[in-house]
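# Notes for the structure review
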Amino acid sequence: GEAIDDRRKALRNLRKSLYNENGNNSNLLNAVICAGIYPNVAHLKPGTSYGDYTMYHKRNERLYFHNSSVNAKRKVYSEGYICFYEKFGTPNRVSVAATCFVHPYSLLLFGGIAKVKHTERLVIVDGWLEINMAAQTGVIMKELRHQVDALLTKMIEKADPREMQTMSSNMVNGIVSLLPA
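This structure is a prediction, so every number in the text was calculated from the model and none was measured. (Residues numbered from 1 in each chain as written. Predicted model: local features only at pLDDT ≥ 70, side-chain atom pairs only at ≥ 80, totals over all residues. Heavy atoms only, no water.)

### Thoughts on the overall build of the protein chain
- For the protein chain, the helix and strand inventory stands at 5 helices and 10 strands.
- If you line up the protein chain on its principal axes, its C-alpha atoms span 50 × 50 × 30 Å.
- When the 181 residues of the protein chain are sorted by exposure, 31% land in the buried category.
- Considering only residue pairs separated by 6 or more positions, the protein chain has 53% of its internal contacts joining residues 24 or more positions apart.
- Total accessible area computed for the protein chain in this model is approximately 11,500 Å², and 53% of it derives from carbon and sulfur atoms.
- Distance from the positive charge centre (23 side chains) to the negative charge centre (16 side chains) of the protein chain: 5 Å. (Helix = DSSP H or I, 4+ residues; strand = E, 2+ residues; numbered from the N terminus. Buried < 20%, exposed > 50% of the residue type's maximum accessible area, 1.4 Å probe, protein only. Contact = heavy atoms within 4.5 Å. Areas by Shrake-Rupley, 256 points an atom, 1.4 Å probe, with all protein chains shown as cover. Lys, Arg positive; Asp, Glu negative; His and termini not counted. Charge placed at Lys NZ, Arg CZ, Asp CG, Glu CD.)

Shown next, in the form of structure tokens:
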């Protein structure tokens, strides 16, 4: 009835909203999800055979996609990182269902403490998430993380909504430009 029509109209208006200008950018949405549910992250590596993979949380906890996960139905995996909402276990295995793939930059910008290992061309987040990248890039991403944290702190402390809108818009645009399309 009328309530459903009102909800549909509200949804259409939301899609056109200034606050939804990046609503179709799945990499940005996944980065936001990563920021919200970190440290629920796992490292995914493709297996040697078709449809095979290994996935670990904190180096030693083996995870599997639950059959209800859309990612369980994939047959080809590339190395990467996933965020998961929750994990649940049976006597045989620990599974995750609500998952999304995240770019390593999302982990560096919104994850834990990053340590750059210059000679190994490696950045380690929270002592276990290993991200292969040039040391210079890792250092730049660490500095950018400090800038994002400082900006978020300033935005929380600021009372002027117009200045917050400008700062947040500039920050989001910068992050969008870093993440792959």
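### Some words on the sheet that holds strand β10 (residues 129-132)
- Read from one edge to the other, the open sheet built from 3 strands follows the order β8-β9-β10, with strand pairing classed as antiparallel. Every other strand in the sheet has two partners, leaving β8 (114-117) and β10 as the edge strands with one partner each. Ignoring strand direction, the axes of neighbouring strands in this sheet form an average angle of 25 degrees.
- Bridging between strand β9 (residues 122-125) and β10 involves 4 bridges; their strand directions are antiparallel. Note that in β10 the partner of V125 across the bridge is L129.
- Across the sheet, helix α4 (residues 135-157) is in contact with β8 and β9; its angle to β8 comes to roughly 160 degrees. (Pairing = 2+ DSSP bridges. Axes fitted to C-alpha atoms, helices over the stretch in contact; angles between N-to-C directions.)

### Brief notes about the pattern of salt bridges
- Applying the stated rule across the entire model yields 5 salt bridges.
- Taking the shortest distance from any N to any O, the salt bridge between E130 and R59 comes out at 3.4 Å. Here E130, found in strand β10, pairs with R59, found in the loop between β2 (53-57) and β3 (61-65); they are 71 residues apart in sequence, far enough to count as distant.
- Residue E130 is classed as partly exposed on the basis of its relative accessible area, which comes to 33%. (Salt bridge = Lys/Arg side-chain N within 4 Å of Asp/Glu carboxyl O.)

### Describing the side chain of R145
- Within the secondary structure, R145 is located in helix α4.
- Judged by its relative accessible area of 18%, R145 falls in the buried class.
- Only 2.7 Å separates the side chain of R145 from the backbone oxygen of G111, close enough to count as a polar contact.
- Only 3.5 Å separates the side chain of R145 from the backbone oxygen of G112, close enough to count as a polar contact.
- Setting aside anything within four residues of it in sequence, one finds R145 in contact with L107, L108, L109, F110, G111 and G112. (Polar contact = N/O pair within 3.5 Å; in protein donor to acceptor, adjacent residues only side chain to side chain.)

### With respect to helix α5 (residues 161-178)
- The end-to-end C-alpha separation of α5 is 26 Å, in line with the 26 Å expected for 18 residues at 1.5 Å each.
- Turning to α5, its buried residues number three or more, namely M167, S168, M171 and I175. Take α5 and look down its axis: the buried residues cluster within an arc of 95 degrees, on one side only. When the buried face of α5 is taken as reference, the exposed residues oriented beyond 90 degrees from it are R162, N170 and S177.
- Contacts made by the buried residues of α5 are with α2 (26-37), α3 (104-110) and α4. (Expected span 1.5 Å × (residues − 1). Arc of directions from axis to C-beta.)

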